[in-house]
Amino acid sequence: MKKTLKTGILALCVCMGVTACQNKQTSAPAQAAATDTAVVAVEGLTIATVNIDSINMGYQLVADIQRELERTEARLTADVQNQANAFQKEYDNYIKIGGTLTLSEQHKREEALQKKQQSIVELQQTYANQLASLQVQRMEEVTNRILDFVKRYNEQNQNFSMIIYTGKSSNILYSLPSMDITSAVLRGLNEEYAAEQAKK
């Protein structure tokens, strides 16, 4: 479950690749480096990075959502299991007494058992859909919170031209450590979340 949640959050956070852009980009002609690597200089462009893996690992909201989903999954699984156990008892009882019933009674019992079995299968699928829907909803909440905070953080503190995300799912191969603002973003996210929880 944790892996699935984090993977979903990473997918939804792709839009962080270019956020808080202030449209201040002024491109200059590409300059050839001394080696065979081309270097593009962009005058006045300031870029920061946020490591989304670190955010996922350290953001308290993500941890709370994971626990919420695990509790929900356990509750729904227990409900299905209880109904399956009840069905099994009814089926076992039918096997014991089936020989003493008339053919008409046997058919009625078997039809009823088949319907109950099918209802359990359908219930299991319904619960799986509900859990998946809740997971998507909660992941979208996390993504929106991160994007909103990064935007506000940039407007209030730094005014970077661009903030991009790094991590295992990123296509960024390397960035200077001095560009990384993950700690400040993570601290701000957790402070806001803690303040919200304290009001409840």
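Everything numeric in this text was worked out from a predicted model, so none of it was measured.

Student: Even after reading the chapter, I still don't get the pattern of salt bridges, so can you show me in this structure?
Tutor: Oppositely charged side chains may form a pair once their charged atoms are brought near each other. According to the stated counting rule, one finds eight salt bridges in the structure shown. A salt bridge links Glu90 to Lys116; its shortest N-O distance comes to 2.5 Å. Of this pair, Glu90 sits in helix H3 (residues 60–97) while Lys116 sits in helix H4 (residues 103–158); the two residues are 26 residues apart in sequence, bridging distant segments of the chain. By relative accessible area, Lys116 is classed as partly exposed at 37%.

Student: Sorry if this is basic, but what is going on with the packing of aromatic side chains here?
Tutor: For any pair of aromatic rings, geometry is given as the distance between the ring centres together with the angle between the planes. On inspection of all chains with the given rule, the structure shows three aromatic pairs. Taking 6.4 Å as the distance between ring centres and 80° as the angle between the ring planes, the aromatic pair formed by Tyr59 and Tyr193 counts as edge-to-face. In this pair, Tyr59 is assigned in the loop between helix H2 (52–58) and H3 and Tyr193 in helix H5 (residues 182–199), connecting sequence segments 134 residues apart. As far as burial versus exposure is concerned, Tyr59 and Tyr193 are alike and both buried. An angle of 25° between the planes, with centres 6.2 Å apart, marks the rings of Phe149 and Tyr153 as stacked. Placement of both Phe149 and Tyr153 in helix H4 is noted, with a separation of four residues, approximately one turn of the helix. Exposure remark for Phe149: the relative accessible area of 7% places this residue in the buried category.

Student: Please clarify how the nonpolar core should be interpreted in this entry.
Tutor: Nonpolar side chains in soluble globular proteins tend to be buried together. One finds Ile55, Tyr59, Ile146, Ile181 and Val185 to be the most contacted residues of the largest nonpolar core, which totals 24 residues. Elements with a minimum of two residues in this core: strand S5 (47–51), H2, H3, H4, strand S6 (162–166) and H5. No other element matches the six residues that H4 contributes to this core. Setting aside chain neighbours within four positions, we find Ile55 in contact with Val50, Ile146, Thr182, Val185, Leu186 and Leu189. Counting nine residues, the second largest nonpolar core, distinct from the first, contains Val80, Phe87, Leu101 and Ile120.

Thresholds applied
Residues numbered from 1 in each chain as written. Predicted model: local features only at pLDDT ≥ 70, side-chain atom pairs only at ≥ 80, totals over all residues. Heavy atoms only, no water. Salt bridge = Lys/Arg side-chain N within 4 Å of Asp/Glu carboxyl O. Helix = DSSP H or I, 4+ residues; strand = E, 2+ residues; numbered from the N terminus. Buried < 20%, exposed > 50% of the residue type's maximum accessible area, 1.4 Å probe, protein only. Phe/Tyr/Trp six-rings, centres within 6.5 Å; stacked < 30°, edge-to-face > 60°. Core = buried A, V, L, I, M, F, W, Y, C linked by side-chain atoms within 4.5 Å. Contact = heavy atoms within 4.5 Å.

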